[in-house]
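Working through the structure, step by step
Here's the letter readout for the chains.
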Amino acid sequence: SVLDKPANPNSMFAYDNALRGPQRILMEGHHDSAEGLNLNVSRNVHNTMISTKWQLGNPQASNWELSLQMQGFSDVISASYSSLSRWQLMYQKTFTSGGLIVAQMMAQPQMMAMGGPAGSFFGLLQYPWVTGGCSAVQYVKTQQVAFSHMQRVLRGLHVGAQMTYDVNTKGTSMSYAFHSQSSDRAMTWGGEVKPESGEWKLACTKADWGNDVEVCAQLEYTEKRNGLISLMSLGLKRNLIGGGHMQAVLSGFSKVRAAFEFPFGGDRVGFNQVNFGYNLQYDIASGGLKQGVTITY
């Protein structure tokens, strides 16, 4: 029955969720665009998905990747190999209580031969041990260990704190975040402040459900090459008829990003549907332009 299924870990509001919405609209972090021509082909066989990726562009970055993902009732196992001699293994498990465990390992023998790091490991343990709250422990090999807790204090309002231990400097730092959402879920506010470094970030998102449009404005005081500077970013995302979407972002009044994605063909993903994507990034100061095309079948 539905009640017997594991709880969705995304329904547990962790510290990292405070600015997840603005990051998605502003295409930050893992939402960054890919350059060159990218071809993705995937097929599902029962509970197993086999996919291949070809990235053609910069001769040094061009590569081919093969990945295998097996999904059970409450866990996911995936493994991938890249022609850049990079191996990756990931395991994820959810619990009926909403808990989540993630372990990810990556090794690149070529980097080891050059005296680089032997590999990386990422671990995450997330558990809602109190009503309306969620605690998490994150570990990144040779980098940091982070402990965080996010708590709902009022309906639609979450506040949290995170303590980070830097393995290299042996230093500890604190950061604090909040997330507020209106009763109709159309407007959200999110922010984070790091007292030790003086950095802070404040973002607001607004959704127009009738027109399938989301807009975001973000103001931050962050560390760059020339020290702490203020940056303002504006973003827009619109869903298109047929399942596609388009995004446009002005980042710090210095970079323009745009992305377009549209499926065509049949209505079954992984069988008869082809997805076409195009993205670009323009640096206003230098005039540099990066473009990418992604075709997924």
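For clarity, every value in this text was computed on a predicted model and none was experimentally measured.

1. A few points about the overall build of the protein chain
Scanning the protein chain for helices and strands turns up two helices and 19 strands. Residues counted as buried form 31% of the 297 residues belonging to the protein chain. Residue pairs at least 24 apart in sequence account for 27% of intrachain contacts in the protein chain once pairs closer than 6 positions are excluded. Carbon and sulfur atoms make up 60% of the accessible area of the protein chain, which amounts to about 17900 Å² in all.

2. Side note on unusual backbone geometry
Backbone geometry at Thr-142 places phi at a positive 60 degrees, although glycine is not the residue there. What makes Thr-142 partly exposed here is its relative accessible area of 46%. Phi angles above zero are rare outside glycine, and Lys-170 is one such case at about 60 degrees. Relative to the assigned elements, Lys-170 resides in the loop between β10 (157-166) and β11 (172-181).

3. Considering the nonpolar core
By size, the foremost hydrophobic cluster in this structure holds six residues: Ile-25, Leu-26, Met-27, Cys-216, Val-249 and Ala-259. Those residues in contact with Val-249, other than ones at most four positions away along the chain, are Ile-25, Leu-26, Met-27, Leu-234, Gly-235, Lys-255, Val-256 and Arg-257.

4. As for the pattern of salt bridges
A full pass over the atoms with the stated rule returns two salt bridges. A salt bridge links Arg-24 to Glu-214; its shortest N-O distance comes to 3.0 Å. Of this pair, Arg-24 sits in helix α1 (residues 20-25) while Glu-214 sits in strand β14 (residues 213-224); the two residues are 190 residues apart in sequence, bridging distant segments of the chain. On the basis of relative accessibility, which here comes to 18%, the residue Glu-214 falls in the buried class. Taking the shortest distance from any N to any O, the salt bridge between Lys-201 and Glu-220 comes out at 3.9 Å. Note that Lys-201 is positioned in strand β13 (residues 199-208) and Glu-220 in strand β14, a separation of 19 residues in sequence. We classify Glu-220 as buried; its relative accessible area is 11%.

5. Some details on the confidence of the model for the protein chain
Of all residues in the protein chain, 90% have pLDDT values of 70 or greater, and the mean over the chain is 88. When mean pLDDT is taken per element in the protein chain, β10 scores highest with 97 and helix α2 (residues 109-113) scores lowest with 59. When the criterion is pLDDT under 50, residues 1-7 qualifies, and its contacts beyond four places in sequence or with other chains add up to eleven contacts.

6. Quick look at the environment of Gly-36
Examined against the element boundaries, Gly-36 turns out to sit in strand β1 (residues 36-45). The class of Gly-36 is partly exposed, set by a relative accessible area of 23%. For the pair Gly-36 and Gly-57, spaced 21 residues apart in the sequence, the C-alpha separation amounts to 4.3 Å. Aside from chain neighbours lying at most four places away, what touches Gly-36 is Leu-56, Gly-57, Gln-291, Gly-292 and Val-293.

7. As for a positive patch on the surface
Together, Lys-224, Arg-225, Lys-255 and Lys-290 make up a region of like positive charge exposed at the surface. Note on placement: Arg-225 falls in the loop between β14 and β15 (227-239). Residue classification places Arg-225 among the exposed positions, given a relative accessible area of 88%.

8. Focus on the packing of aromatic side chains
Taken as a whole and judged by the stated rule, the model has four aromatic pairs. For the pair Phe-260 and Phe-262, a centre-to-centre distance of 6.4 Å together with 15 degrees between the ring planes defines the contact as stacked. The side chain of Lys-93 reaches across the aromatic face of Phe-95, ending 5.5 Å from its centre.

Rules of the game
Residues numbered from 1 in each chain as written. Predicted model: local features only at pLDDT ≥ 70, side-chain atom pairs only at ≥ 80, totals over all residues. Heavy atoms only, no water. Helix = DSSP H or I, 4+ residues; strand = E, 2+ residues; numbered from the N terminus. Buried < 20%, exposed > 50% of the residue type's maximum accessible area, 1.4 Å probe, protein only. Contact = heavy atoms within 4.5 Å. Areas by Shrake-Rupley, 256 points an atom, 1.4 Å probe, with all protein chains shown as cover. Core = buried A, V, L, I, M, F, W, Y, C linked by side-chain atoms within 4.5 Å. Salt bridge = Lys/Arg side-chain N within 4 Å of Asp/Glu carboxyl O. pLDDT = per-residue confidence, 0-100. Patch = residues over 30% accessible without salt bridge, like charges linked within 9 Å, V, L, I, M, F, W, Y side chains within 5 Å. Lys, Arg positive; Asp, Glu negative; His and termini not counted. Charge placed at Lys NZ, Arg CZ, Asp CG, Glu CD. Phe/Tyr/Trp six-rings, centres within 6.5 Å; stacked < 30°, edge-to-face > 60°. Lys NZ or Arg CZ within 6 Å of the ring centre and 35° of its normal.

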